[in-house]
Amino acid sequence: MRVRDPQQNQGERIGDAIGILRYCEKLSDQLIRRAPPAWRDNDGAHILASNRNESAKGRPAGNGRLSALDRPVPAGVNAAGFGSDVVADALRATDIPYIALNPGASYRGLHDSLVNYLGNEQPQMLLCLHEESAVAIAHGYAKVTGRAMAAAVHSNVGLMHATMAIFNAWCDRMPIVILGATGPVDAVKRRPWIDWIHTASDQGALIRGYTKWDDQPASPIAAREAVLRANWIANTAPRGPTYVNLDAGMQESKLVQPVEPIDARRFMPPVESVAPPAPIKRAADLLREAKNPLILAGRVSRDLNAWNTRIALAERLGAWVATDLKVAAAFPTDHRLHVGSPGTIGIAAQATDAIREADVILSFDWVDLTGTLKSVLGPGMPSARIVQISVDHHLHNGWSMDYQGLPPVDVFIDCEPDIAVPALMAALGAGKPHAFTPVNKEFPKLEDGKLTVDHLADALRRSFGKRPTTLTHVSLSWNGASWPFRHPLDYLGSDGGGGVGGGPGISVGAALALMGTGRLPVAVCGDGDFLMGVTALWTAAHYRIPLLIVVANNRSFFNDELHQERMARMRNRPVENRWIGQRISDPDIDLAGMARAQGAQGFGPVTAAADLEPTFEKAIAAVEAGAVAVVDVRVEPGYTAAMTAAMTRKSE
Ligand SMILES: Cc1ncc(C[n+]2csc(CCOP(=O)(O)OP(=O)(O)O)c2C)c(N)n1
Ligand SMILES: [Mg+2]
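Structural notes, computed from the coordinates. Everything quoted here is computed from the prediction, not taken from an experiment.

Some points on the overall build of the protein chain
Thinking step 1. Check the secondary structure of the protein chain and you find 23 helices and 16 strands.
Thinking step 2. Across the 652 residues of the protein chain, 57% fall into the buried class.
Thinking step 3. Relative to all contacts within the protein chain whose residues are 6 or more apart in sequence, the contacts with residues 24 or more apart total 80%.
Thinking step 4. By element, 54% of the accessible surface of the protein chain is carried by carbon and sulfur atoms, the whole surface being about 27,000 Å².

If you want it as structure tokens, here you go:
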């Protein structure tokens, strides 16, 4: 690596950067994409004083349509001059492509640096109408890519708005780098009133229980380190959101001397964990002898090789496999070894049988292993041997109980399932192939004369036909039997933290990450979920992010009708009153109109099953042409039998 003279003048450094730019310009388009990004020199050192407004050609290929939007006039700023310029440089060094934000004076310094110093590229700003959708968009982006995007929120009040979305991402173990700000820590620099109400002595305390790490750096160099660390920690398993709170005074301070360049990559070394050999061998020994092994496939990556290795392991073992709608697709749901269909609450009958009969249970970081075992086997100790593969315990803290009950485990493998599965395959060695009776996967039966979520799913599936699609979100009423998952990107899991309102924002972020992949993103949201997060649509419309949202509109916060029914049953009170304080009608809300008002295309309300397919076909055509489309479907209230049974049991 080239060593720079700390006293080297800025002109020389600008010369370096322009030299690299010229070099890049000479290359063919293809070569440009493979060339090192222009804001690094050839040996990877981070150049702090390059002219950001000229360097687009050397950047990794982004999305053309999106990157052409919101272009600033060139500011001619070539060198970091303020604290926030140093922060912006650090952000660029992370290679994070977008920063979803809602603006605020507490980070006006950084805002200026992103626009006038970086030229609103790498990262490009995505303006959001609410901080909750800014964070949810970053969450959805991570669900597809496995990598952190950035979100920026205004001092304490913006962070307060963002909290539920941060909690959702935390519970979903998704990385996000969140930048926030505070009024000047130095009270002498505070403007009257507003800077005082937007300054707190420990702002990070608001979210410390559900972030991996937070910091409030006191100088530009400390802030640079904090941004790199935030990115590194967020992206290291177990993943999660991190928060850097940038003092307004620090952002706006003038640099008294140029900041020494660093090779940013060396501060974010990839953390490569390995499968521990001894527990892998013990697990392989147990599994080799197992007569009825069962795999509970939980949190895993979107990697196709890992997906295929998981299938090979299940086939090698002859193990049944259960999956869960709380997390993304982990195993083909119409594979002959997949038991039942995935659900969110309540376990399908076939999966229940498989748990009862299993002699070895292999958990791939299954969300709530204890709760699942207890709900099937009761409170006693399970007789099956249990192998748990997870790194989740590294994240557990004293504030949030999202770590669930402590499961009984016989072999614990402390690494990610994607790493353990190939090691398990190797340890198992060759074996006799098992003979299987294929399981007939049936779609839900559709009752004539009704319009249910199953009708909606059936028509949607038919309308998409063979087009590759990604279900970015599903409603609580979704029936896992109605839509097979055959690829890791077929389904992205739920909101993580059960925070209603996450569906639209998460789906916009996922759709952003899917742009250019050929996959059509489709979300099915409950009306309650849609209404709470509806303003995320404007961001998708503004940045031309194609997305289809179908609203399973039962005109109710129906989940809670079931809770009131349960209360009534337990107390011998009238069940008929369960709807009061729950129904979203009189007046009915024009959901398609809410979409149109934000620049999306709105369809419906669809009230007859026969109208579903023609409407979906029009909406899909709109999305294929680049639009955001929303279809309002008036469905009858109702959940799957397994979920209703789990929610309306008389006891507990
Ligand atoms: C932020 C938040 N508020 C309230 C709840 C409680 N809650 C759980 S599900 C639900 C209803 C969601 O309604 P909708 O999205 O329409 O789905 P439905 O149950 O009607 O299918 C509510 C209010 C929650 N989980 N999160
Ligand atoms: Mg509803």
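Side note on the coordination of the magnesium ion (ligand 2)
Thinking step 1. All of the protein donors around the magnesium ion (ligand 2) are D527 (OD), N554 (OD1) and S556 (O); their distances to the metal are 2.0 to 2.1 Å.
Thinking step 2. Between consecutive donor residues of the magnesium ion (ligand 2), the sequence gaps follow D-x26-N-x1-S. Of this pair, D527 sits in helix α18 (residues 527-533) while S556 sits in the loop between β14 (547-553) and α20 (558-571), and the two are 29 residues apart along the sequence. In this pair, the class of D527 matches that of S556, namely buried.

Some thoughts on the packing of helix α4 (residues 83-93) against helix α9 (residues 220-234)
Thinking step 1. Across the interface, α4 lies against α9 with an axial gap of 8 Å and an inter-helix angle of 20°. With respect to α9, the element α4 is oriented roughly parallel. Along this stretch, α4 crosses α9, giving a crossing that reads as right-handed. Every residue of α9 that contacts α4 at G83, V86, V87, A90, L91 and A93 is listed here: P220, A223, R224, V227 and L228.

Here we look at the nonpolar core
Thinking step 1. Counting 63 residues, the largest nonpolar core has L456, L460, W478, L548 and V633 as the members making the most contacts within it.
Thinking step 2. In terms of residues, this core owes the most to one element, helix α16 (residues 453-464), which gives six residues.
Thinking step 3. Core analysis: the second largest hydrophobic core is formed by 55 residues, A511, A513, A523 and I549 among them.

Observations concerning the side chain of T615
Thinking step 1. Take T615: it is sitting in helix α22 (residues 612-624).
Thinking step 2. Accessibility expressed as a relative area gives 13% for T615, which makes it buried.
Thinking step 3. If we skip the residues at most four places from it in the chain, T615 touches F603, V606 and V631.

Here's the deal with α16
Thinking step 1. Along its 12 residues, α16 runs 16 Å from first to last C-alpha, staying within 8% of the 16 Å computed at 1.5 Å per residue.
Thinking step 2. Taken across its 12 residues, α16 has 11 buried, putting it largely inside the fold.
Thinking step 3. Turning to α16, its buried residues are V453, D454, H455, L456, A457, D458, A459, L460, R461, S463 and F464.
Thinking step 4. Those residues of α16 that are buried are in contact with β12 (469-473), β13 (520-526), β14, α22 and β16 (628-634).
Thinking step 5. Phi turns positive one or two residues past the end of α16, at G465, with a value near 55°.

Let's talk about the sheet that holds β12
Thinking step 1. An order of β12-β13-β14-β16-β15 is seen for the five strands of this open sheet, with the pairing classed as parallel. Edge positions in the sheet fall to β12 and β15 (601-606), since each has one partner strand and no second. On average, each strand axis in the sheet is tilted by 20° relative to the strand beside it, whichever way the strands run.
Thinking step 2. Relative to β14, β13 runs parallel, the two sharing five bridges. Its bridge partner being in β14, G526 is matched across the sheet by A552.
Thinking step 3. The strands touched by α16 within the sheet are β12, β13, β14 and β16, with β14 carrying the most contacts at an inclination of about 160°.
Thinking step 4. The strands touched by α22 within the sheet are β13, β14, β15 and β16, with β16 carrying the most contacts at an inclination of about 165°.

Reading the values: rules and limits
Residues numbered from 1 in each chain as written. Chains lettered and ligands numbered in written order. Predicted model: local features only at pLDDT ≥ 70, side-chain atom pairs only at ≥ 80, totals over all residues. Heavy atoms only, no water. Helix = DSSP H or I, 4+ residues; strand = E, 2+ residues; numbered from the N terminus. Buried < 20%, exposed > 50% of the residue type's maximum accessible area, 1.4 Å probe, protein only. Contact = heavy atoms within 4.5 Å. Areas by Shrake-Rupley, 256 points an atom, 1.4 Å probe, with all protein chains shown as cover. Donors = N, O, S within 2.8 Å, 3.2 Å for Na, K, Ca; no water. Axes fitted to C-alpha atoms, helices over the stretch in contact; angles between N-to-C directions. Parallel < 35°, antiparallel > 145°, perpendicular 65-115°, else oblique. Left-handed = near helix turned anticlockwise from the far one by under 90°. Core = buried A, V, L, I, M, F, W, Y, C linked by side-chain atoms within 4.5 Å. Expected span 1.5 Å × (residues − 1). Pairing = 2+ DSSP bridges.

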